[in-house]
Amino acid sequence: MRLYIFTLFVLFLAACSTSPKNETVEIPPVVPTAAPEEAVSSIDVQAIQRHLGMERASDTLGVSEKAFNTCDVGYGFSRAQNCHREFLTVVHFRLLCRDSVGTISNILTEMDTTPLAGRSVKWNLKKNSGIIATDGLGYGQILVVSPQSLRKERLRLAIGSEFLYMRANEITKVITPQNWCSQY
């Protein structure tokens, strides 16, 4: 019996010695540190277009492209860090719609088409995308700065639910079916 009481006493002492103690631990206040400023700069694509001499009339249709060194141009690129080659791709196109649907066999003239004027056009070219507005005669311009040539990549143009795909170097004047005329 003594051994039994002695064993209980030892267990009791052991249990008390391992129980958590009510200590107050002072937690230092969290001091917000200033996050390092991210190198988010906006690239002035139109200034790069002027700098590279790639401005042209809106009715000069098709694609033009020029490679440039980012440190040589600036306009949002650092002139001293991360120098590399980029491409400026400029796509000029005109969107017109015809008054018929389906396949036609006759040659269309300006009298048979209507410019898609002042229309909001969503575009995608490789991993680049944006929204532009056509002018009063249906002309549009897409400017893209990219690390590789986009000349032969697929370009998607969409107005509302209607869309088309063409290679960037093949697009000039596009005559769409009548259902493009009524998209808003």
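Below is a short write-up of the structure.

## Concerning the state of the cysteines
All chains considered together, the criterion is met by two disulfides. Across the disulfide from cysteine 71 sits cysteine 83; the S-S distance is 1.7 Å. Handedness here is read from the sign of the S-S torsion; for cysteine 71 and cysteine 83, about -95°, the answer is left-handed. Note that cysteine 71 is positioned in helix α3 (residues 70-73) and cysteine 83 in the loop between α3 and β2 (85-98), a separation of twelve residues in sequence. Two residues, cysteine 97 and cysteine 181, share a disulfide whose sulfurs are 1.7 Å apart.

## Topic: the side chain of glutamine 49
Considering the arrangement of structural elements, one finds glutamine 49 in helix α2 (residues 45-51). In this view, glutamine 49 contacts Met54, Glu55, Leu88, Val90, Gln141 and Leu143; residues no more than four positions away in its chain are not counted.

## Section: unusual backbone geometry
Despite not being glycine, tyrosine 75 shows a phi value in the positive range, around 50°. With a relative accessible area of 39%, tyrosine 75 lands in the partly exposed category. Within the chain, lysine 126 stands out as a residue other than glycine whose phi angle is a positive 60°. Examined against the element boundaries, lysine 126 turns out to sit in the loop between β4 (120-125) and β5 (128-133).

## Overview of the pattern of salt bridges
Pairs may arise between side chains of opposite charge once their charged atoms sit close together. Within the structure shown, the criterion is met by two salt bridges. The shortest N-O distance in the salt bridge between arginine 151 and glutamate 65 comes to 4.0 Å. With arginine 151 in the loop between β6 (139-146) and β7 (154-159) and glutamate 65 in strand β1 (residues 62-69), this residue pair connects regions lying 86 residues apart in the sequence. The class of arginine 151 is partly exposed, set by a relative accessible area of 29%. In this structure, lysine 126 engages glutamate 153 in a salt bridge whose closest nitrogen and oxygen atoms are separated by 3.9 Å. Separated by 27 residues along the polypeptide, lysine 126 in the loop between β4 and β5 and glutamate 153 in the loop between β6 and β7 bring together distant segments of the chain.

## Here we look at the sheet that holds β5
Read from one edge to the other, the open sheet built from four strands follows the order β5-β4-β7-β8, with strand pairing classed as antiparallel. Both edges of this open sheet fall to β5 and β8 (162-167), since each of them pairs with a single strand only. For this sheet, the mean inter-axis angle between neighbouring strands, taken without regard to orientation, is 20°. Direction of pairing for β7 relative to β8: antiparallel, over a ladder of six bridges. By the bridge assignment for β8, arginine 154 is matched with arginine 167.

## What about the nonpolar core?
Note on soluble globular proteins: their nonpolar side chains tend to be buried together. Among the nonpolar cores identified, the biggest contains 21 residues, and Phe93, Leu95, Trp123, Ile142, Leu155 and Leu157 are the most heavily contacted of them. If one sorts the elements of this core by residue count, β2 sits on top with four residues.

Cut-offs applied
Residues numbered from 1 in each chain as written. Predicted model: local features only at pLDDT ≥ 70, side-chain atom pairs only at ≥ 80, totals over all residues. Heavy atoms only, no water. Disulfide = S-S within 2.5 Å. Helix = DSSP H or I, 4+ residues; strand = E, 2+ residues; numbered from the N terminus. Contact = heavy atoms within 4.5 Å. Buried < 20%, exposed > 50% of the residue type's maximum accessible area, 1.4 Å probe, protein only. Salt bridge = Lys/Arg side-chain N within 4 Å of Asp/Glu carboxyl O. Pairing = 2+ DSSP bridges. Axes fitted to C-alpha atoms, helices over the stretch in contact; angles between N-to-C directions. Core = buried A, V, L, I, M, F, W, Y, C linked by side-chain atoms within 4.5 Å.

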